[in-house]
Amino acid sequence: MTAALLLAAALAAAPAPHEVELLTQRQDAVWGFDFLPDGRILFTERGGRLGLFDPKTGGVEAVAGAPAVWANGQGGLLDARVAPGFAKNRFVYLTWSEPVADGAATALGRGRLVDGRLEGFKTLLLTDAGGGNGEHFGSRVEFLDGHLFLSVGERGRRELSQDPARHNGKILRLTMDGKPAGAGLPGAAPEVWSLGHRNPQGLARRPGTGQLWSAEFGPRGGDELNLVKPGRNYGWPLVTHGREYWGPRIGVSAKEGYEPPVAHWVPSISPSALAFLDRDTAVLACLSGRHLRVLRLKGDRVESQESRLAGRGWRLRAARRGPDGRLYFSTDDGKLARLGAYLGANSSSMTRP
């Protein structure tokens, strides 16, 4: 066979970049997921169930020992992360909306995954961002430089995003054991790393840079992509590109002393997750936008962007780069799936949908 025929055969056998492989279909929103070293996928369902998907068999195993959750509105069992060093320590981290006297608050906990259950699970942090309104829990987890970062929404109490002493509307930094390791802002809670966020549900480290990036929802537009720096104020609600749901404008679009977003979107696309495929390729999973948005970065700015899976009507909830380099994602109607080809900066199959 000639080289040309071999190439043609290889291209024909390669998966199409927009081909979707459905891994499992659940009955509830798959809010977060992560990969075990053996290739299995640990995932949460917002109603409170924790599961393990085995790609070798296609089977799902229920995992016992998850915390009781306040499954109302946007609350429930939220993110799931497999700890660095899992092969030795067996730790997994979960976030959820913890029932409290006046409703629920974002919480973080850790346990050891052993034989299909979480052993020794305990709460590491119960935030003071409580309330009964069922919105804006934030709740993504990322690991960077030996620390754990947790995003917390402002829970509909806008003014508290600017109060450094409260957890509302903050990104927090903790040790891997859950001890405070914040930026040392005057008058701040000891975990606070950055403030002035609305509802950051995307949180990811950028490979090869030591950078932490976030994505968050704005009101009626003003969704943001941010490069998160210690002690910086990202403006909400004083500075925003979003529009008020009622009455006059919320605030200004830019102001000295407040960190501007790397990118923003009007109208809203509702970025519920952020994943990096490589140093210069990021992906947002979008709820109201109902697509995956691929961002090409040059330095610390977005050079270009394009949408994937538009037109399928899916509310994309979570996204993560898999061990095979492909993009895995989940939806609010219970899908856990992956794309058929690599979408990173070195991909040769970057035709638009």
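Described below are features of the structure shown in this document. Here the structure is a predicted model, which means the values were calculated and not measured. Per chain, the residues get numbers from 1 upward, laid out in the order the sequence is written. Local features are withheld for residues below a pLDDT of 70 in this predicted model, meaning they are given only at 70 or higher, and side-chain atom pairs are given and counted only at 80 or more; totals for whole chains, interfaces and linings count all residues. The basis for every side-chain value is the complete set of heavy atoms in the structure, and neither hydrogens nor water enter the calculation.

**A short note on the pairing of strand β7 (residues 91–100)**
Thought 1: Counted residue by residue, β7 has seven buried out of 10 residues, so it is predominantly covered.
Thought 2: With four bridges connecting them, strand β6 (residues 77–82) and β7 associate as antiparallel partners. Bridge pairing links Arg-81 to Tyr-93 in β7.
Thought 3: In terms of strand pairing, β7 meets strand β8 (residues 103–114) through 10 bridges, oriented antiparallel. Residue pairing for β8: Phe-91 is matched across the bridge by Arg-112.
Thought 4: One bridge is not enough; two strands pair if DSSP finds at least two bridges between them. Secondary structure elements follow DSSP: runs of H or I no shorter than four residues count as helices, runs of E no shorter than two count as strands, and numbering proceeds from the N terminus. The antiparallel hairpin formed by β7 and β8 contains two residues in its connecting segment. Accessible area is worked out with a 1.4 Å probe on protein chains only. A residue is then buried under 20% of its type maximum, exposed over 50%, and partly exposed in between.

**With respect to the environment of Ala-254**
Thought 1: Positionally, Ala-254 belongs in the loop between β16 (223–228) and β17 (263–265).
Thought 2: A residue is classified by how much of its surface remains accessible, and Ala-254, at 58% relative accessible area, is exposed.
Thought 3: Spatially, the C-alpha atoms of Ala-254 and Val-239 are 5.8 Å apart, while their sequence positions differ by 15 residues.

**Details of the pairing of strand β11 (residues 147–152)**
Within a regular strand, side chains alternate between the sheet's two faces.
Thought 1: β11 sits mainly inside the fold: six of its six residues count as buried.
Thought 2: Taking every second residue as pointing to the same face, both faces of β11 are buried, with His-147, Phe-149 and Ser-151 on one and Leu-148, Leu-150 and Val-152 on the other.
Thought 3: The antiparallel pairing of strand β10 (residues 141–144) with β11 creates a hairpin that spans two residues between the two strands, and Asp-145 there sits at a positive phi of about 55 degrees.
Thought 4: Pairing geometry for β11 and strand β12 (residues 170–175), over six bridges, is antiparallel. Each residue of the ladder has a partner; that of Leu-148, found in β12, is Leu-174.

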